[in-house]
Amino acid sequence: MANKRETHCNNQVDTFAEALATARQMQQNWLTYGVNFVNFYVEDVDGDWLETWGHDEILGNSQLDTIKEFLVSNDSVAVKVRQYLGERSLFDFAVNLEESWRISETNNRLSAVKNLLAGEGHSIDTDDIRLLDLADSLVVKLAEIL
């Protein structure tokens, strides 16, 4: 039993020593090459990876596609949403709506949809029956199609 513990500790020490050596090498490269040290650790550092970060998640998302199709449809709820949003980006709204749909609790999901409809930086006016009804209708409709 004691032999197994020693082996386990030795493995942990070896793993830690390797990680420490790698960190020291990275630090030395940083001191030697400045910010260009990143070329040793990042493949295609000059590419457009930062600009396209997350695009594959957006482009291959069937749930988002369904939401986008719904929002541009002639459905009465979709028409009301577009009218309510006005000049705001329908695509951005669809992306945020898909993210809020991942919330498991129905009340929290409804709250998130209300916040999305109200817009960034705006508080929800609980007297705005139009907003509350629209958010409720939208959640019900999305529950049907998703």
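Because the structure is predicted, anything quoted here is derived from the model rather than measured. (Residues numbered from 1 in each chain as written. Predicted model: local features only at pLDDT ≥ 70, side-chain atom pairs only at ≥ 80, totals over all residues. Heavy atoms only, no water.)

### Regarding the nonpolar core
Part 1 of the reasoning: Counting residues in each nonpolar core, the largest one holds 25 residues, and the members touching the most others are Val81, Phe93, Leu97, Leu117 and Leu138.
Part 2 of the reasoning: Secondary-structure elements contributing two or more residues to this core are helix H4 (62-71), helix H5 (76-85), helix H6 (90-101), helix H7 (106-118) and helix H8 (129-145).
Part 3 of the reasoning: With six residues, the top contributor of residues to this core is H8. (Core = buried A, V, L, I, M, F, W, Y, C linked by side-chain atoms within 4.5 Å. Buried < 20%, exposed > 50% of the residue type's maximum accessible area, 1.4 Å probe, protein only. Helix = DSSP H or I, 4+ residues; strand = E, 2+ residues; numbered from the N terminus.)

### Remarks on the packing of H4 against H6
Part 1 of the reasoning: Across the interface, H4 lies against H6 with an axial gap of 9 Å and an inter-helix angle of 130 degrees. Looking at the two axes, H4 sits oblique to H6. Along this stretch, H4 crosses H6, giving a crossing that reads as right-handed. In contact with Gln63, Leu64, Ile67, Lys68 and Leu71 of H4, H6 contributes Leu90, Phe91, Phe93, Ala94, Val95, Leu97, Glu98 and Trp101. (Axes fitted to C-alpha atoms, helices over the stretch in contact; angles between N-to-C directions. Parallel < 35°, antiparallel > 145°, perpendicular 65-115°, else oblique. Left-handed = near helix turned anticlockwise from the far one by under 90°. Contact = heavy atoms within 4.5 Å.)

### Here's the deal with the confidence of the model for the protein chain
Part 1 of the reasoning: Residues at a pLDDT of 70 or more form 82% of the protein chain, whose mean pLDDT is 83.
Part 2 of the reasoning: Considering each helix and strand of the protein chain separately, the mean pLDDT is smallest for helix H3 (residues 55-59), with a value of 57, and largest for H5, with 94. (pLDDT = per-residue confidence, 0-100.)

### Here we look at the packing of aromatic side chains
Part 1 of the reasoning: The full count for this structure, using the stated rule, is zero aromatic pairs.
Part 2 of the reasoning: Over the aromatic face of Trp101 sits the side chain of Arg109, whose NZ or CZ is 4.1 Å from the ring centroid. (Phe/Tyr/Trp six-rings, centres within 6.5 Å; stacked < 30°, edge-to-face > 60°. Lys NZ or Arg CZ within 6 Å of the ring centre and 35° of its normal.)

### Considering a negative patch on the surface
Part 1 of the reasoning: A cluster of acidic side chains, namely Glu43, Asp44, Asp46, Asp48 and Glu51, defines a negative patch on the protein surface.
Part 2 of the reasoning: Following the sequence through the fold, Asp46 ends up in the loop between helix H2 (38-41) and H3. (Patch = residues over 30% accessible without salt bridge, like charges linked within 9 Å, V, L, I, M, F, W, Y side chains within 5 Å. Areas by Shrake-Rupley, 256 points an atom, 1.4 Å probe, with all protein chains shown as cover. Salt bridge = Lys/Arg side-chain N within 4 Å of Asp/Glu carboxyl O. Lys, Arg positive; Asp, Glu negative; His and termini not counted. Charge placed at Lys NZ, Arg CZ, Asp CG, Glu CD.)

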